[in-house]
Amino acid sequence: MTEKEETMDAAESRDNTAKKNGQTSLLDSGEDFEVLDEEDIDDDPPPLEDAGGGKVKDTEQSEKKHADVDPDPVDEWLDVLGNDQLKKKVLEAGGGRDSRPQKGQNVKIHLKTYLADGTLVEEQRDLSFTLGDGDVIHALDLTVQFMGMGEKALVQTDGKYAYGARGSLEPEVPPDAELSLEVELLEATDAPDLELLPPAEKIALAIHKRERGNVHYQRGDYAFAVNSYSIALQITESSSKVDISPEEENELMDVKVKCLNNMAASQLKLDHYDAALKSCVSALANQPDNIKALFRMGKVLALQGEYTEAIQTLRKALKLEPSNKTIHAELSKLVKKHSEQRGAEQAMYKKMLGNPSSSSGTRKHRAKSSWGLSWKWLFGATAVAIGGVALSVVIAARN
């Protein structure tokens, strides 16, 4: 079973389990990994070097170092990245430097994969992939570009350039396993012109790149996943000089939106919130009622502290699918957090302004008391004056 089939089987198994439990929803349809499963992947993003950040630079330096060198001598090891973790040795010399394949070309190789103890893991004849697109393990992508046509080479690689900390079920490779690869470069051809590619082939190619991105995502290689989704998007967005039916256009659009959704999920794992938000906005521009895009957009906005917009976005998603428990839980959490934030802000404002509502009440009370005293004093004074006049009249009458 290939990695692609392994990923598809896992997704199908999750779908079947959800249907048995009566929990099918739009969030559980159409993607190769689901919103519910994102929270199940607890691994932190790999270090930048493992995720592609460092290796790209190392590869460029290695290319400059070996660009003007004639075919490598037989039986001498070439340290491809200069870190002694990826080495290549020529077993049978092939063509010269000019016959080396270029990034972006489609290459075909014969591959044998061994564990460090010499156990044969698998043999693949006529394995085809696009060089530099991340269609195969990193060790192959990095070393085949230094092979002449017809060359046979032995490659020794550390586990992080092969199947990493997760290992593989098919082929069966333990976690962090070092591998030996026997590689024979059979041919290299230019990639097809996307504008002239028949729609069915364009759709199949875009799906293939997206599925490869899903494999990277499941392995925790989120930067490589973003790269594969970007390539798939370029395919879906490429213009066409051949006739394409409305159904085929809709299918391409569906692949495009799935790529944008999956890219947003990968960017979230890398804490690239602005990029993830752009991916969600692009997905919604094509499908305004896409629940997964709305859900992820709500999560991104919440992580950026935009609780009001996040709540509005999730409420829209919940309106489209009222029974979805995932959206319910996320929305409830955000409403509570937003309420706590508003309470804290109000307390801070009261402290800054010296509790204006309390002082205002005190002033009103004092003013009321002052008026009360004034009226009482005036009434008392009047009563005394009237009493004095009456007493004078009584005295005068007696006299």
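Anyway, here's the lowdown on the structure attached to this text. (Residues numbered from 1 in each chain as written. Predicted model: local features only at pLDDT ≥ 70, side-chain atom pairs only at ≥ 80, totals over all residues. Heavy atoms only, no water.)

**Remarks on the overall build of the protein chain**
Right, so step 1: Broken down by element type, the protein chain carries 13 helices and 6 strands.
Right, so step 2: Looking at the protein chain as a whole, 41% of its 399 residues qualify as buried.
Right, so step 3: Long-range pairs, those at least 24 residues apart, make up 67% of the contacts in the protein chain between residues at least 6 apart in sequence.
Right, so step 4: Of the roughly 22000 Å² of accessible surface on the protein chain, 53% is carried by carbon and sulfur atoms. (Helix = DSSP H or I, 4+ residues; strand = E, 2+ residues; numbered from the N terminus. Buried < 20%, exposed > 50% of the residue type's maximum accessible area, 1.4 Å probe, protein only. Contact = heavy atoms within 4.5 Å. Areas by Shrake-Rupley, 256 points an atom, 1.4 Å probe, with all protein chains shown as cover.)

**Overview of the packing of aromatic side chains**
Right, so step 1: All told, the structure shown has 1 aromatic pair when counted by the stated rule.
Right, so step 2: On the numbers, 5.3 Å between centres and 70 degrees between planes, the contact of Tyr217 with Tyr222 is edge-to-face. Judged on exposure class, the residue Tyr217 and its partner Tyr222 are both buried.
Right, so step 3: Lying across the ring of Trp77, Lys87 places its NZ or CZ 5.4 Å from the centre. (Phe/Tyr/Trp six-rings, centres within 6.5 Å; stacked < 30°, edge-to-face > 60°. Lys NZ or Arg CZ within 6 Å of the ring centre and 35° of its normal.)

**Description of the packing of helix H10 (residues 291-303) against helix H11 (residues 307-320)**
Right, so step 1: At a closest axis distance of 8 Å, the pairing of H10 and H11 adopts a crossing angle of 160 degrees. Taken together, the axes of H10 and H11 lie roughly antiparallel to each other. As for how H10 packs across H11, the hand of that crossing is left-handed. Between H10, through Ile291, Leu294, Phe295, Met297, Gly298, Leu301 and Ala302, and H11, the contact on the second element is made entirely by Tyr307, Glu309, Ala310, Thr313, Leu314, Lys316, Ala317 and Leu320.
Right, so step 2: Of the residues belonging to the contact of H10 with H11, the class tally is 11 nonpolar, 2 polar and 2 charged. (Axes fitted to C-alpha atoms, helices over the stretch in contact; angles between N-to-C directions. Parallel < 35°, antiparallel > 145°, perpendicular 65-115°, else oblique. Left-handed = near helix turned anticlockwise from the far one by under 90°. Nonpolar A, V, L, I, M, F, W, Y, C, P; charged D, E, K, R; others polar.)

**Topic: the pattern of salt bridges**
Right, so step 1: The final tally for this structure, using the stated rule, is 10 salt bridges.
Right, so step 2: Close ionic contact of Lys333 with Glu330 constitutes a salt bridge, the shortest N to O distance being 3.5 Å. Highlighted residues: Lys333 and Glu330, both in helix H12 (residues 325-353), separated by 3 residues, approximately one helical turn.
Right, so step 3: On the basis of relative accessible area, Lys333 is assigned to the partly exposed category, the value being 44%.
Right, so step 4: It is possible to trace a salt-bridge network through shared partners that takes in Asp133, Asp135 and Lys209. (Salt bridge = Lys/Arg side-chain N within 4 Å of Asp/Glu carboxyl O.)

**Comments concerning a nonpolar patch on the surface**
Right, so step 1: A cluster of nonpolar side chains, contributed by Met348, Tyr349, Met352 and Leu353, occupies part of the molecular surface with about 470 Å² of accessible area.
Right, so step 2: Positionally, Leu353 belongs in helix H12. (Patch = residues over 30% accessible without salt bridge, like charges linked within 9 Å, V, L, I, M, F, W, Y side chains within 5 Å.)

**Details of helix H6 (residues 199-219)**
Right, so step 1: Compared with the 30 Å implied by 1.5 Å per residue over 21 residues, the 31 Å span of H6 between its first and last C-alpha is a close match.
Right, so step 2: Taken from the residues just after H6, Gly220 is the one with a positive phi, measuring 85 degrees. (Expected span 1.5 Å × (residues − 1).)

**With respect to helix H9 (residues 273-286)**
Because each turn of an α-helix spans 3.6 residues, side chains separated by three or four positions end up pointing in the same direction.
Right, so step 1: Counted at 1.5 Å a residue, the expected span for H9 with its 14 residues is 20 Å, and the 20 Å between its end C-alpha atoms agrees.
Right, so step 2: Residues of H9 that are buried include every one of Ala276, Leu277, Ser279, Cys280, Ala283 and Leu284, and no others. Viewed end-on, H9 has its buried residues packed into an arc of 160 degrees, placing them on one side of the element. Residues Asp274, Lys278 and Ala285 are exposed on H9 and point more than 90 degrees away from its buried face. (Arc of directions from axis to C-beta.)

**A look at the sheet that holds strand E3 (residues 106-115)**
Right, so step 1: A sheet is described by the order of its strands in space; here 6 strands give the open sequence E1-E2-E5-E6-E3-E4, paired in antiparallel fashion. This sheet does not close on itself; its edge strands, each paired only once, are strand E1 (77-79) and strand E4 (120-130). Recorded for the sheet is a direction-independent mean angle of 25 degrees between the axes of neighbouring strands.
Right, so step 2: Bridge count for E3 against strand E6 (residues 179-189) is 10 bridges, and the pairing is antiparallel. Bridging from a neighbouring strand, Thr113 pairs with Leu181 of E6. (Pairing = 2+ DSSP bridges.)

**Details of the nonpolar core**
Right, so step 1: Membership of the largest hydrophobic core comes to 41 residues, with the highest contact counts inside it found for Tyr217, Met297, Ile327 and Leu334.
Right, so step 2: Where this core is concerned, the elements lending two or more residues are H6, helix H7 (222-237), helix H8 (246-269), H9, H10, H11 and H12.
Right, so step 3: Residues Phe129, Ile137, Phe146 and Val155 belong to the second largest nonpolar core, which totals 30 residues. (Core = buried A, V, L, I, M, F, W, Y, C linked by side-chain atoms within 4.5 Å.)

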